[in-house]
Amino acid sequence: PYPHYAEIREETAVHEHPLGFWYVSRYDLVTALLRSGQSVETRHLAPHPVRDEMRKAAGGDDWRLGGLSMLDRDPPDHTRLRSLVAKVFTPRAINALAPRITELVDASLDRMAEAGRCDLVDELAFPLPFTVIADMLGMPPTDEDRLRELTGTLVRSLEPVGDPDLARRIGEADAEFTRLTADMIEWKRANPADDLLTALIDAEHEGDVLSDDELIAQVGLLYVAGHETTVNLISNGVVALLSNPDQLKALRADPTLIDNAVEELLRYDSPVQMSRRITTAPVEIGGQEIPTGSFVIASLASANHDPAFWGEDAADLVLNRPNARHHVSFGAGPHHCLGAALARLEGRIALGRLVERFPDLALDGAVEWNGRINLRGAAKVPVRT
Ligand code: HEM
């Protein structure tokens, strides 16, 4: 996959795109950029034409997700927001979810078995992460279809290009999503329970708590990041396995391969294709000086396929690749994905049980892609069980 990335990577290590951003695609440079906290920041609110449109459309001050979530903050704000969330989003809380995830996966597989032919995204890849994060947060019942629509629009804000109409739609989706999230938090304050949302409301770290706006932004981030990404891991993962029968056969022959297989699938077809940063001082990357205030894209997907790091078989799916875990699909440095353990757990249980349950699983028509540049994934995967 990714012939276009290969072309850019071979041509120039650091590419200045005509649309006004910089594009970094080699493994060593991507990791160095993401780990350097000195002269790059993640601030969304820096001048950027598309974002300005979105902010205007969202009504200025109502702009929440784009500014107050940890993803778009730098130390010391980032450190404090991340510590407050990490305090309740613990490995213990995540591991305790394994039985519930297994139950949800098995219910999906039962439905698939009964249907015989179905869309894997509708039956498994989407409902699993969506239900897991909603359950974990303890979300009150809400209009799920509307939420799915809103988050599908919101994630387009992570892309480097956009037209004014898209920017306006993102801005409106952001304002509506913010209102919905604020309502859910209000409801939860009146109905506290043993869940992540209540824990976040009460979270305290060294005498510090989340303000109302910060709470809305972190909950929104967890909610969106919790499902829009893992969907792609499962759907792209299944497409990759079904397109590489020898690898699927190896996994069937040795189910203990599943942990490494999930790492390799994350590498092979990255659910998040890029991270973005803004330079706060001139930086030199790969011998190229990038000026202050530049929008820089770190191509995670390209880094994951760089033969200089992975070797000549970088483009192949090799489920027992010894260093598969070194992929950058969860980013690197201070913003390394907070939900990586949860995503891995869902991926292992969903893909492991799917492969075990259906020895004759096959594609049953053309795969449709979601048309996104960043959170790129298979939107429809017709299968026969
Ligand atoms: C950050 C990928 C699942 C929560 C990130 C980043 C990446 C990423 C690349 C870093 C972005 C940057 O550097 O700009 C993924 C992938 C997933 C996944 C590929 C699934 C396969 C999840 C899940 C959750 C989650 C399930 C939570 C429920 C977060 C949060 C951050 C983050 C809160 C921000 C961390 C920070 O800014 O310090 N993720 N993610 N992610 N992810 Fe994930």
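Scoring rules and cut-offs
Residues numbered from 1 in each chain as written. Predicted model: local features only at pLDDT ≥ 70, side-chain atom pairs only at ≥ 80, totals over all residues. Heavy atoms only, no water. Helix = DSSP H or I, 4+ residues; strand = E, 2+ residues; numbered from the N terminus. Rg over C-alpha atoms; globule rule 2.2 N^0.38 Å. Buried < 20%, exposed > 50% of the residue type's maximum accessible area, 1.4 Å probe, protein only. Contact = heavy atoms within 4.5 Å. Salt bridge = Lys/Arg side-chain N within 4 Å of Asp/Glu carboxyl O. Pairing = 2+ DSSP bridges. Donors = N, O, S within 2.8 Å, 3.2 Å for Na, K, Ca; no water. Core = buried A, V, L, I, M, F, W, Y, C linked by side-chain atoms within 4.5 Å. Near = heavy atom within 4 Å. Polar contact = N/O pair within 3.5 Å; in protein donor to acceptor, adjacent residues only side chain to side chain. Nonpolar A, V, L, I, M, F, W, Y, C, P; charged D, E, K, R; others polar.

Q: Provide a residue-level description of the overall build of the chain, including the pertinent values.
A: On a plain count of helices and strands, the chain comes out with 19 helices and twelve strands. Taking 21 Å as the expected radius of gyration for a compact globule of 385 residues, we find that the chain reaches 21 Å, a close match to that expectation. For the chain, the spread of C-alpha atoms along the three principal axes comes to 55 × 55 × 40 Å. When the 385 residues of the chain are sorted by exposure, 55% land in the buried category. Long-range pairs, those at least 24 residues apart, make up 74% of the contacts in the chain between residues at least 6 apart in sequence.

Q: Can you break down the pattern of salt bridges residue by residue, with the values?
A: Considering all chains together, one arrives at 27 salt bridges under this definition. Close ionic contact of E263 with R325 constitutes a salt bridge, the shortest N to O distance being 3.8 Å. With E263 in helix α16 (residues 258-268) and R325 in the loop between α18 (307-310) and α19 (340-357), this pair connects stretches of sequence that are 62 residues apart. The buried category is assigned to E263, whose relative accessible area is 1%. We note a salt bridge from R384 to D364, for which the minimum N-O separation is 3.3 Å. Placement of the pair is R384 in strand β12 (residues 382-384) and D364 in the loop between β9 (362-363) and β10 (368-369), with a sequence separation of 20 residues. Residues joined in a network through salt bridges with shared partners are E264, R267, D313 and R321.

Q: Residue-level account of the pairing of strand β5 (residues 274-279), with values.
A: A large share of β5 lies buried, amounting to six of its six residues. Of the two faces of β5, both are covered, the one formed by M274, R276 and I278 as well as the one formed by S275, R277 and T279. In the sheet, β5 pairs with strand β8 (residues 295-299) via five bridges, with the strands oriented antiparallel. Bridging from a neighbouring strand, R277 pairs with V296 of β8.

Q: Can you explain the coordination of the iron atom of the ligand? Please cite residues and give values.
A: Angles at a metal have ideal values that depend on geometry: 109.5 degrees with four tetrahedral donors, 90 or 180 degrees with six octahedral donors. One donor from the polypeptide reaches the iron atom of the ligand: C337 (SG), at 2.3 Å. You can see C337 is positioned in the loop between α18 and α19.

Q: Could you give an account of unusual backbone geometry, naming the residues involved and the relevant values?
A: Between P75 and P76 the backbone carries a cis peptide bond, its omega angle lying at 5°. Locating P76 in the fold gives a position in the loop between α4 (65-68) and α5 (77-86).

Q: Tell me about the nonpolar core, residues and numbers included.
A: Within the largest apolar cluster, 107 residues are counted, with the highest numbers of intra-cluster contacts made by I101, M112, L120, L137, L200, Y223 and L354. Broken down by element, this core gets its largest block of residues, nine residues, from α19. Every residue in contact with L200, bar those within four places of it in the chain, is listed here: L84, V85, V88, L137, L210, L215, V219 and L222.

Q: Can you break down the sheet that holds β9 residue by residue, with the values?
A: Spatially, the three strands line up as an open sheet ordered β4-β12-β9, and their pairing is antiparallel. Both outer strands of the open sheet, β4 (117-119) and β9, are each paired with one neighbouring strand and no more. In this sheet, β12 lies alongside β4 in antiparallel orientation, the contact comprising three bridges. Bridge assignment links D119 to a residue of β12, and that residue is P382.

Q: Give a detailed account of the side chain of T198, specifying residues and quantitative values.
A: Considering the arrangement of structural elements, one finds T198 in helix α12 (residues 196-202). Owing to a relative accessible area of 9%, T198 belongs among the buried residues under this scheme. In this structure T198 touches K188, P192 and A193, once residues within four positions along its chain are discounted.

Q: Can you lay out the site of the ligand for me, pointing to particular residues and giving the numbers?
A: Close to the ligand lie 29 residues, the nearest being H78, R82, R277, H335 and C337. Note that an oxygen atom of the ligand is positioned 2.7 Å from one of the side-chain N or O atoms of H78. Residue R277 places a side-chain N or O atom 2.9 Å away from an oxygen atom belonging to the ligand. If you list the elements that add at least two residues to the shell around the ligand, you get α5, α13 (212-228), α14 (230-242), β5 and α19. Considering every element that reaches the shell around the ligand, the biggest residue donor is α13, with four residues. Among the residues forming the shell around the ligand, the class breakdown is 18 nonpolar, nine polar and two charged.

Function-wise, these values are silent; they only describe arrangement.
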